[in-house]
Protein chains: 2
Amino acid sequence: MNKTYFDVGLSLDGCLAGPNARPGNPLGDGGLSIHEWMFRTATFQRVLGTGNAGHPGSRAVADGNAADDALVQAMFARPGAYVMGRRMFDEGELGWPEDPPFHAPVFVLTHKSRAPWVREGGTTFHFVTDGFASALAQAQGAANGKDVRVSGGADAIRQAIAAGAVDDFTLHIAPLLLGGGNRLFDRALPLRCAPASAVHSPLVTHVHYRART
Amino acid sequence: MNKTYFDVGLSLDGCLAGPNARPGNPLGDGGLSIHEWMFRTATFQRVLGTGNAGHPGSRAVADGNAADDALVQAMFARPGAYVMGRRMFDEGELGWPEDPPFHAPVFVLTHKSRAPWVREGGTTFHFVTDGFASALAQAQGAANGKDVRVSGGADAIRQAIAAGAVDDFTLHIAPLLLGGGNRLFDRALPLRCAPASAVHSPLVTHVHYRART
């Protein structure tokens, strides 16, 4: 059975985005810095950054950490399908290149029907109007034996946790405080887990957890 | 110059204590579990637990992880003096043994004057009524060349951060969600830092940070 997981960058105070997040400022004030470790990797620049100056993660030089780079490679390689929240899709629709960085089916949680949107490089966005469980089942069916990543945002991840659907997850904890914003674990959620690995670079601590049942 | 640091157990949702914390339930609902990794170590049982059945961390068997135990040993060995909040002291006054686990001067932040309280084993509690900076200066003077630990609770640690006094800190992150409670990083605080080490056992992830100036 393919696994369902999430893999998300957080500030040290547990936020995916800083204060004042809104369309056009989806990561809020200071929130881009959460991902600086990733933006600096050669793999990120190859997939999304260099030559895509409109992307906020574009950097002139990829001077990132080698261990961080290996994690980014694994991050792109693992999933066979995605479940994604609507706001994350709305923002990405504007920012992703013609060949979005998924190369797999992406099931978008939305209230508005829309025909599938086929992009270059194997990414097709499917719009699911009947809830998380349906999106997850469709993603599992489409993942071709690989795993399903619940991309985000926070709402989609919390729905996955609330549904008891998460097999494992990774937090990339950036050493900065945003002082508020969109906190991932902002309420009671039925998540039992155990740390399976912990590594750090100067810009981030990666902690991988296995969920317990 | 001796360093000033904090060393604190948190839930995965960033809380030092769960919901409904109050006198008699200082760690709130579920909050004791944050420290289960520590309660299971032989060092903790030697210092505070075994033979002290009134302590909530007392365990019949010390079956903890060896790496966790080494961290607990270092935790007790490092400080030459402490700064402590009044609520933590009030709770501890009831629960600590005659020979409290500090073996050093402890400077308690309070609004009520009180004569120093000398205990067995080298612990003396001093009551400081003129604020955090004064308590820290007194602790530094009394630390005999060793470092000063800001013990907690959350308020005392936030005062240390707000004062720019923190040189380094360790978070012991337990893999559980409390769903609310006393969140350490609950507001904007001027803390810049970088991860210096990250290790885990089945019950906890220890991340050590150096503060940057």
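Refer to the structure presented above.
Residues numbered from 1 in each chain as written. Chains lettered and ligands numbered in written order. Predicted model: local features only at pLDDT ≥ 70, side-chain atom pairs only at ≥ 80, totals over all residues.

A. Local environment of the overall build of chain A. Scanning chain A from N- to C-terminus turns up six helices and eleven strands. What you see for chain A is a C-alpha radius of gyration of 16 Å, in line with the 17 Å of a compact globule of 213 residues. Overall, chain A is about 40 × 40 × 35 Å in size when its C-alpha atoms are taken along their principal axes. A total of 213 residues make up chain A; the buried ones form 47% of that total. Within chain A, contacts between residues at least 6 apart in sequence are counted, and of these 64% link residues at least 24 apart. (Helix = DSSP H or I, 4+ residues; strand = E, 2+ residues; numbered from the N terminus. Rg over C-alpha atoms; globule rule 2.2 N^0.38 Å. Buried ≥ 20, exposed ≤ 12 C-beta atoms within 10 Å, placed from the backbone. Contact = placed C-beta atoms within 7 Å.)

B. Quick peek at the nonpolar core. Ranked by size, the top nonpolar core spans 123 residues in total, and within it V83(A), F107(A), V83(B) and F107(B) carry the most contacts. Those residues in contact with F107(A) that sit more than four places away from it in its chain are A81(A), Y82(A), V83(A), M84(A), H126(A), V128(A), A135(A), Q138(A) and A139(A). (Core = buried A, V, L, I, M, F, W, Y, C linked by C-beta atoms within 7 Å.)

C. Molecular detail of unusual backbone geometry. Here the residue pair G152(A) and G153(A) is connected by a cis peptide bond, since its omega of 0° sits within 30 degrees of zero. Tracing the backbone shows G153(A) in the loop between β7 (147-152) and α6 (154-162). We note that N20(A) has phi near 65°; this positive angle belongs to a residue other than glycine. Assignment of secondary structure puts N20(A) in the loop between β2 (15-17) and α1 (36-39). A tally of 12 C-beta atoms within 10 Å means that N20(A) is categorised as exposed. Of note in this structure, N144(B) is not a glycine but carries a positive phi near 60°. With respect to the secondary-structure elements, N144(B) resides in the loop between α5 (132-142) and β7 (147-152).

D. Summary view of the relation of the copies chain A and chain B. Overlaying chain A with chain B gives an RMSD of 0.0 Å, the required rotation being 180° about an axis along which the chain moves by 0.0 Å. Given the turn and translation reported, the copies of this chain are related as if by a two-fold rotation axis. Among all residues of chain A, the minimum C-alpha distance to the rotation axis is found for A198(A), at 2.9 Å. Both copies present the same face, since 100% of the interface residues in chain A are matched by interface residues at the equivalent positions in chain B. (Least-squares fit on C-alpha atoms with pLDDT ≥ 70 in both.)

E. Inspection of the sheet that holds strand β4 (residues 105-109) of chain A at higher detail. All names here are of chain A. The nine strands lie next to each other as β5-β6-β4-β3-β7-β1-β8-β11-β10, forming an open sheet whose pairing is mixed. Single-partner strands in this sheet number two, and they are β5 (117-118) and β10 (193-201). On the sheet, helix α3 (residues 66-77) packs against β1 (4-11), β10 and β11 (204-211) and is oriented at approximately 130° with respect to β10. Packing against the sheet, α6 makes contact with β1, β3 (79-85), β4 and β7, and its axis sits at approximately 135° to β7. (Pairing = 2+ DSSP bridges. Axes fitted to C-alpha atoms, helices over the stretch in contact; angles between N-to-C directions.)

F. Highlighting the environment of S201(A). Residue and element names in this part refer to chain A. Following the sequence through the fold, S201 ends up in strand β10. According to the C-beta neighbour criterion, S201 is partly exposed, with 19 such atoms within 10 Å. Expressed as a C-alpha distance, the spacing of S201 and D68, which sit 133 residues apart in the sequence, is 7.2 Å. Ignoring anything within four residues of it in the chain, the contact list for S201 reads W37, N65, A67 and D68.

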